[in-house]
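# Observations on the model geometry
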Amino acid sequence: MIEFSIWDILRNLLLATRWTILLSLVSFVGGGAVGLLLLFLRISKRKAVRAFAKYYIELFQGTPLLMQLFLAFFGLGLFGIDVPAWLAAGLALVLWTASFLAEIWRGCVESIARGQWEASASLGMGRLQQMRYVILPQALKIAVPPTVGFSVQVVKGTALTSIIGFVELSKAGTVVTNATFQPFTVYGLVALIYFALCWPLSKSSQILERKLNVAHRNH
Amino acid sequence: MSLIEITEVRKSYGTNEVLKGINLDVEPGEVIAIIGKSGSGKSTLLRCINGLETITQGSISVAGAQLIDDEVHLKALRLKVGMIFQQFNLFPHLTAGGNVMLSQSVVKKTAKAEAEAMARKMLDRVGLGHKFEAYPDELSGGQQQRVAIARALAMQPIALLCDEITSALDPELVAEVLAVVRELAAEGMTLLMVTHEMKFARDVCSRVVFMHQGRVHEIGPPEEVFANPKTPELQQFLGMH
């Protein structure tokens, strides 16, 4: 039987970590873009548009991410479209992230006093101009800590994509365990790597919160 | 033709009718005080004039611009009437100068240098030329309200709506804001103000409108309205002050 050193195990896990990081980045950036679009729909003046965004958000927040991954992976296959695991994983995570970010940001936008909308409207600004120059610059400051905090959920969410066969950190852990028969060591290392990714994010969220002094300024 | 024409305006929230057929014509250069108890509809009327509230019936026009609830018409109307609020509503993320410049560059597409020159001129006019770089939270309430006036003036409106602009101020800061308004009135600006400053209304206004339960209950020059109120409601209202 071949002997595996800790370094052998760690090296393989770290190689797979690249995919966890890449998938997290794609989900977060893509989810941010879709989330921003959803945010605009969610606070639109048209009722039908608002309702669409609301139901989208409720649907994606109200079903397990795992089901969304299955549906993206197998569902499209039913229509004869061959979806590679990385595409299904990326797509599902982007849509899932978007639904949470849109709702986080909506809360931030709605926390801006109504007087800011009224003052900018009375100066002749259109809705997009109000958002761009008055509301979002203020909402952004409030949004940074919870947004960075949510990125931790995204990183951990990528672990589920191992189930549809995307080889990232968790999947690599399973593969390595099957070869080494040392599950405790392997999954222990996997957990440590996740922690090393997530802890700085949580910490920076806390630091940003203090720095931007969200609770006190402008009140 | 009057500058501001308010014709048979009605406004309801659900089944609660807060404006019950308002008629009011304002001539250029008039200074009008709107007084009345809270809940009489005076603030609502003012907010209807620049489209912050939609009206249920009737029509409002300012210098030919009709109040119609779409972005193009509202913008045209709002370029003609500025509004100043009780809570100042300065943009907290911008300096005083930035507050006065923003809508010029965003709405009117004025070049930056020109917008800045205008901002300095308007801040000077309200006595705050030296506060160009200050953020709103570094200013007193009275100063913030004066910046808000400068911000509205920079859009060169032909009329200004003032919604209880001194009600959120400490007593010692009221005078500096009223002095600015008094000056504007003297320069011939058309002003419609909801106010509780009865002495100011008496001194500066050309007409006083007393609103009661969603109607214009009494209207006339201040000496008449204050010295010789005809209706018991106005007598009672003035007696309270």
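Residues numbered from 1 in each chain as written. Chains lettered and ligands numbered in written order. Predicted model: local features only at pLDDT ≥ 70, side-chain atom pairs only at ≥ 80, totals over all residues. Heavy atoms only, no water.

Here we take up the overall build of chain B. In terms of helices and strands, chain B carries nine helices and 10 strands. Relative to the 2.2 N^0.38 estimate, which gives 18 Å for 241 residues, the radius of gyration of chain B is 18 Å and therefore close to what a compact globule would have. If one aligns the C-alpha atoms of chain B with their principal axes, the spans along those axes are about 55 × 40 × 35 Å. Scored against the burial criterion, the 241 residues of chain B give a buried share of 56%. At a minimum sequence separation of 6, the contacts of chain B that also span at least 24 residues come to 66%. (Helix = DSSP H or I, 4+ residues; strand = E, 2+ residues; numbered from the N terminus. Rg over C-alpha atoms; globule rule 2.2 N^0.38 Å. Buried < 20%, exposed > 50% of the residue type's maximum accessible area, 1.4 Å probe, protein only. Contact = heavy atoms within 4.5 Å.)

The subject of this paragraph is the overall build of chain A. Within chain A, the regular secondary structure consists of eight helices and zero strands. For chain A, the N- to C-terminal ordering of α and β elements is α-α-α-α-α-α-α-α. With the C-alpha coordinates of chain A rotated into their principal frame, the extents come out at 80 × 45 × 20 Å. The buried share of chain A, taken over its 219 residues, is 43%. Across chain A, the fraction of contacts at a sequence separation of at least 24, relative to all contacts at a separation of at least 6, is 75%. For chain A, the computed accessible surface area is about 11900 Å², with 70% contributed by carbon and sulfur atoms. Across chain A, the mean location of the 19 positive side-chain charges is 13 Å away from that of the 9 negative side-chain charges. (Areas by Shrake-Rupley, 256 points an atom, 1.4 Å probe, with all protein chains shown as cover. Lys, Arg positive; Asp, Glu negative; His and termini not counted. Charge placed at Lys NZ, Arg CZ, Asp CG, Glu CD.)

Residue and element names in this part refer to chain B. A sheet is described by the order of its strands in space; here six strands give the open sequence S6-S7-S8-S3-S9-S10, paired in mixed fashion. One side of each edge strand has no neighbouring strand; the edge strands of this open sheet are strand S6 (81–84) and strand S10 (215–220). Put simply, the sheet's adjacent strands are angled 20 degrees from each other on average, direction ignored. On top of the sheet, helix H9 (residues 232–239) reaches strand S3 (31–36), strand S9 (207–212) and S10; it is set at about 105 degrees to S9, its chief contact. (Pairing = 2+ DSSP bridges. Axes fitted to C-alpha atoms, helices over the stretch in contact; angles between N-to-C directions.)

Right, let's get into the UniProt feature "domain: ABC transmembrane type-1" (unreviewed entry) in chain A. Following the UniProt record, one finds the feature "domain: ABC transmembrane type-1" (unreviewed entry) at residues 17–205 of chain A. Secondary structure content for residues 17–205 of chain A is 83% helix and 0% strand, and the end C-alpha separation is 22 Å. (UniProt positions renumbered as here; feature names shortened; annotations may be inferred.)

Here, UniProt's "domain: ABC transporter" (unreviewed entry) annotation points to residues 4–238 of chain B. The span residues 4–238 of chain B shows a helical share of 39% and a strand share of 26%, and its end C-alpha atoms are spaced 27 Å apart.

Turning our eyes to something else, we now look at the domain arrangement of chain B. Residues and elements named next belong to chain B. Considered domain by domain, chain B is made up of domain 1 (1–80 + 159–166 + 176–241) and domain 2 (88–156). Summing both sides of the interface, domain 1 and domain 2 together bury roughly 990 Å²; the carbon and sulfur share of this comes to 66%. Our count for the domain 1 to domain 2 interface comes out at two salt bridges. Measuring nitrogen to oxygen at the nearest pair gives 2.4 Å for the salt bridge that ties Glu176 to Arg146. At the surface where domain 1 touches domain 2, the tally comes to four residue pairs in polar contact (both at pLDDT 80 or more). Classifying every residue of the side of domain 1 that touches domain 2 gives eight nonpolar, no polar and four charged. (Domains from an automatic or database assignment. Buried area = accessible area lost by both parts, 1.4 Å probe. Salt bridge = Lys/Arg side-chain N within 4 Å of Asp/Glu carboxyl O. Polar contact = N/O pair within 3.5 Å; in protein donor to acceptor, adjacent residues only side chain to side chain. Nonpolar A, V, L, I, M, F, W, Y, C, P; charged D, E, K, R; others polar.)

Within the secondary structure layout, B:Asn50 lies in the loop between helix H1 (42–49) and strand S4 (57–62). What makes B:Asn50 buried here is its relative accessible area of 0%. Sequence-distant contacts of B:Asn50, defined by excluding residues within four places in its chain, comprise A:Ser122, B:Leu74, B:Leu77, B:Arg78, B:Val81, B:Met83 and B:Leu161.

Right, let's talk about the pattern of salt bridges for a bit. For the structure on display, the rule yields 15 salt bridges over all chains. The salt bridge partner of A:Arg11 is A:Asp8, with a shortest N-O separation of 3.8 Å. Highlighted residues: A:Arg11 and A:Asp8, both in helix H1 (residues 6–42), separated by three residues, approximately one helical turn. Overall, A:Arg11 belongs to the partly exposed group, its relative accessible area being 37%. Judged by relative accessible area, which is 24%, A:Asp8 ranks as partly exposed. It is possible to trace a salt-bridge network through shared partners that takes in A:Arg114, A:Glu118, B:Lys11, B:Arg47 and B:Glu53.

For the rest of this paragraph, the subject is the environment of B:Glu8. Checked against the element boundaries, B:Glu8 lands in strand S1 (residues 4–13). It is 17 Å that separates the C-alpha atoms of B:Glu8 and B:Ile34, two residues lying 26 residues apart in sequence.

The next thing to look at is the packing of aromatic side chains. Residue and element names in this part refer to chain A. Counted under the stated rule, the structure contains eight aromatic pairs over all chains. Here the aromatic rings of Tyr56 and Phe60 are separated by 4.5 Å at their centres, their planes lie at 25 degrees, and the arrangement is stacked. Taken together, the residues span about one helical turn, with Tyr56 and Phe60 both in helix H2 (residues 47–61) at a distance of four residues. You can call Phe60 buried: its relative accessible area is 15%. By the ring-pair criterion, three or more aromatic residues cluster together here, those being Phe70, Phe73 and Phe74. (Phe/Tyr/Trp six-rings, centres within 6.5 Å; stacked < 30°, edge-to-face > 60°.)

Before going further, it helps to spend a moment on the packing of helix H4 (residues 112–125) of chain B against helix H5 (residues 141–153) of chain B. All names here are of chain B. Following both chains from N to C, one finds H4 and H5 inclined at 135 degrees, their axes separated by 9 Å at the closest point. Our classification of the angle between H4 and H5 gives oblique. Handedness of the H4/H5 crossing: right-handed. For the pair formed by H4 and H5, the contact residues are Met122, Leu123 and Arg125 on the first element and Val147, Ala150 and Leu153 on the second. Classifying every residue of the contact of H4 with H5 by side-chain character gives five nonpolar, no polar and one charged. (Parallel < 35°, antiparallel > 145°, perpendicular 65-115°, else oblique. Left-handed = near helix turned anticlockwise from the far one by under 90°.)

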